[in-house]
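Architecture at a glance
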Amino acid sequence: DDTLQLAEVDGQWRIDQVPPALYLSDNDVARSYRAHALFFLDATGMRLVPEFVVVPSGAGNVSTVVMRALLAGPSKEDPLSTAIPARTRLIYGSVLGDFGTATVALNSRALRATGVTRERMLAQIVWTVSGLLGIASVRVQAAGGTLAAASGATSLSTYDFAAYDPTRRTD
């Protein structure tokens, strides 16, 4: 309930009781948080759809925070799905970056995604992580081995998954 109770004190209106909440102005939010897109699959599994997560500006390794949110799956409110196998986690606890390339090292659960499902999983990861500042390509590893796209490429960008482009018209 966002209703504030007011009381008149010496001819001035004041908040009577402050509810146990934190209220931020639009400027506070814009200065302190950034929205990042996580990409999940639509009902057909043929197109990526963004779902936004808000991350504190000083969150350290933003790519790690965003990747953990992607691995957690879509929110229950959205009719989206994920090709990432359940209980897939980051091996090192973070996404590593080096000269514009992010390395996403996953546990062996990621190897359960094969064929088209693996391609969709890679598309989700690459579209999500490539959207972050300074990341031009993504290398995805599982249980120590590097996962390749259907094309055979291992240094991946959104161009490798253009067929899943969220801006592509489907009609």
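Residues numbered from 1 in each chain as written. Predicted model: local features only at pLDDT ≥ 70, side-chain atom pairs only at ≥ 80, totals over all residues. Heavy atoms only, no water.

Topic: the nonpolar core
In this structure, M67, V104, L106, I125 and F161 are the most contacted members of the largest nonpolar core, which totals 39 residues. If you list the elements that add at least two residues to this core, you get strand 3 (33–41), strand 4 (48–56), helix 2 (62–72), strand 6 (101–106), helix 3 (115–130) and strand 7 (137–142). No other element matches helix 3, which puts seven residues into this core. Those residues in contact with M67 that sit more than four places away from it in its chain are L90, V95, V104, L106, I125 and V129. (Core = buried A, V, L, I, M, F, W, Y, C linked by side-chain atoms within 4.5 Å. Buried < 20%, exposed > 50% of the residue type's maximum accessible area, 1.4 Å probe, protein only. Helix = DSSP H or I, 4+ residues; strand = E, 2+ residues; numbered from the N terminus. Contact = heavy atoms within 4.5 Å.)

Details of the side chain of T64
Along the chain, T64 turns up in helix 2. Ignoring sequence-local partners within four residues, the contact set of T64 consists of L90, G93, S94 and V95.

A word on helix 3
Compared with an ideal rise of 1.5 Å per residue, which puts 16 residues at 22 Å, helix 3 spans 22 Å between its outermost C-alpha atoms and is within 8% of the ideal. Within helix 3, 12 of the 16 residues are buried, which leaves the element mostly enclosed by the surrounding structure. Residues E119, R120, M121, L122, A123, Q124, I125, V126, W127, T128, V129 and S130 constitute the buried set of helix 3. Those residues of helix 3 that are buried lie in contact with strand 3, strand 4, helix 2, strand 6 and strand 7. (Expected span 1.5 Å × (residues − 1).)

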